[in-house]
Structure formats: structure tokens, C-alpha cells
Amino acid sequence: MKKFSFPLDTVLDYKQQILDSLKIEHGAILAQVRRQEAVLAKVQSEYEITNAELREKERNGLTIAGALIYEIGLRALEEDITRETAKLEELRLQELQKREQLVASKIDTTSLERLREQKLDSYNKAVQKSQEQFIDELITATRSNGTNPSIIM
């Protein structure tokens with residue numbers, strides 16, 4: 001019997017390459033999300049520290065000019081927080097879209113792999129049946145010739 005070949009092997013290889021590529025891209029976007037979360041946390045921490053300093057200095061006495069400097073700094077940090085939050089949300093949206101592509105690709109690849117496994121199982125069963133049929137024919141032929149089948153095998 002001829003060797004097993006799956007006609008969709010090239011398609012399966014292509015789908016696997018796409019899946020691998022999407023996994024890499026998804027991982028890169030996840031890394032960007034984590035970095036952006038760290039940047040946002042840092043800016044929020046700076047805001048909290050600056051705000052705490054302002055409150056402490058207000059209790060101990062602060063000039064109007066000093067208070068204005070702190071207020072301007074806090075507004076700038078608020079704008080930074082808003083900007084960094086928007087970046088983070090955009091990255092999370094990209095990550096979600098990439099994850100959906102990854103899931104769709106995984107489904108395609110898995111269905112082709114299952115189809116290949118089914119075809120391979122059918123092939124293996126046909127090979128086994130062919131071998132059993134050959135053995136049966138050999139035994140039948142040796143019996144009809146009157147020879148001992150254990151000697152031939």
C-alpha cells in the first residue's frame with residue numbers, strides 16, 4: 001500500500017505558520033500593555049505623591065505662588081494620566097482584537113489537524129485490513145497447496 005499523504009498538508013502548514021505568527025504578535029501586544037500599565041501606575045504614583053506634598057505644605061503654610069506651582073504640576077500630571085490611560089485602552093483594544101484573531105486561527109488549525117488525524121486513522125485501518133487480508137490469502141494458498149504454513153512464515 002502506498003505511503004500516507006494528506007492533501008491539505010500545505011494548507012495545514014500555512015495555517016500553523018499564521019497561528020505561530022499571531023501568537024508572537026499577541027505576546028508583543030501583551031508586553032506593550034504591561035509596559036503601559038507600569039507607565040500609568042508611575043504617573044498615578046507621581047500624582048499621589050505631589051498631591052500629598054501639596055496637602056502637607058498647605059497645612060504647614062504655603063505661599064500662593066507655591067500653591068499655583070503645585071496646581072499646575074497636578075494638572076499636568078492629570079493630563080499625563082488621561083493620555084496614558086487612553087494609550088492603555090487603545091493597547092487593550094488591540095490585544096483583544098489580536099486575541100480574537102488568534103482564537104479564530106486556532107480553530108481553523110485545530111479543525112485541519114483533526115481532519116488529518118481522521119484520515120490517518122482511516123489509512124492505518126486500511127493498511128491493517130490489507131495486511132490481514134494478505135495473511136489470510138497466504139494461509140489459504142498454503143493450505144490449498146498442502147504445505148505447512150508455519151514453515152513458510
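Peer 1: Pulling in residues and values, what's your account of the packing of helix 1 (residues 9-60) against helix 2 (residues 64-145)?
Peer 2: Packing of helix 1 against helix 2 brings their axes to within 7 Å, and their N-to-C directions diverge by 160 degrees. What the angle tells us is that helix 1 and helix 2 run roughly antiparallel. Two packed elements cross with a definite hand, and for helix 1 against helix 2 that hand is left-handed. A per-class count over the contact of helix 1 with helix 2 returns 22 nonpolar, 12 polar and 21 charged.

Peer 1: Could you give an account of the packing of aromatic side chains, with specific residues and numbers?
Peer 2: Two aromatic rings are characterised by how far apart their centres lie and by the angle between their planes. Per the stated rule, a full pass over the model turns up 1 aromatic pair. Consider the rings of phenylalanine 4 and tyrosine 123, whose centres lie 5.4 Å apart with planes at 50 degrees: the pair is tilted. Taken together, the residues phenylalanine 4 in the segment before helix 1 and tyrosine 123 in helix 2 connect sequence positions 119 residues apart. Given the relative accessible area of 18%, phenylalanine 4 is considered buried.

Peer 1: Which residues make up a nonpolar patch on the surface, and what values do they have?
Peer 2: The grouping of Leu8, Val11 and Leu115 at the surface amounts to a nonpolar patch, some 180 Å² of accessible area in total. In this fold, valine 11 is placed in helix 1. The exposure class assigned to valine 11 is partly exposed, which follows from its relative accessible area of 34%.

Peer 1: A description of the pattern of salt bridges should follow, citing residues and the corresponding values.
Peer 2: Within the structure shown, the criterion is met by 11 salt bridges. Arginine 92 is the salt-bridge partner of glutamate 37, the closest N and O atoms lying 2.8 Å from each other. Taken as a pair, glutamate 37 in helix 1 and arginine 92 in helix 2 lie far apart in primary sequence, 55 residues in all. Linking arginine 92 and glutamate 89 is a salt bridge whose minimum nitrogen-to-oxygen distance equals 3.5 Å. Remark: glutamate 89 and arginine 92 occur in helix 2; sequence separation between them is 3 residues, near one turn of the helix. Judged by relative accessible area, which is 35%, arginine 92 ranks as partly exposed. Overall, the relative accessible area of 44% leaves glutamate 89 in the partly exposed class. Look at the salt bridges and you will find they share partners, linking Arg34, Glu37, Glu89 and Arg92 into a network.

Criteria and cut-off values
Residues numbered from 1 in each chain as written. Predicted model: local features only at pLDDT ≥ 70, side-chain atom pairs only at ≥ 80, totals over all residues. Heavy atoms only, no water. Axes fitted to C-alpha atoms, helices over the stretch in contact; angles between N-to-C directions. Helix = DSSP H or I, 4+ residues; strand = E, 2+ residues; numbered from the N terminus. Parallel < 35°, antiparallel > 145°, perpendicular 65-115°, else oblique. Left-handed = near helix turned anticlockwise from the far one by under 90°. Nonpolar A, V, L, I, M, F, W, Y, C, P; charged D, E, K, R; others polar. Phe/Tyr/Trp six-rings, centres within 6.5 Å; stacked < 30°, edge-to-face > 60°. Buried < 20%, exposed > 50% of the residue type's maximum accessible area, 1.4 Å probe, protein only. Patch = residues over 30% accessible without salt bridge, like charges linked within 9 Å, V, L, I, M, F, W, Y side chains within 5 Å. Areas by Shrake-Rupley, 256 points an atom, 1.4 Å probe, with all protein chains shown as cover. Salt bridge = Lys/Arg side-chain N within 4 Å of Asp/Glu carboxyl O.

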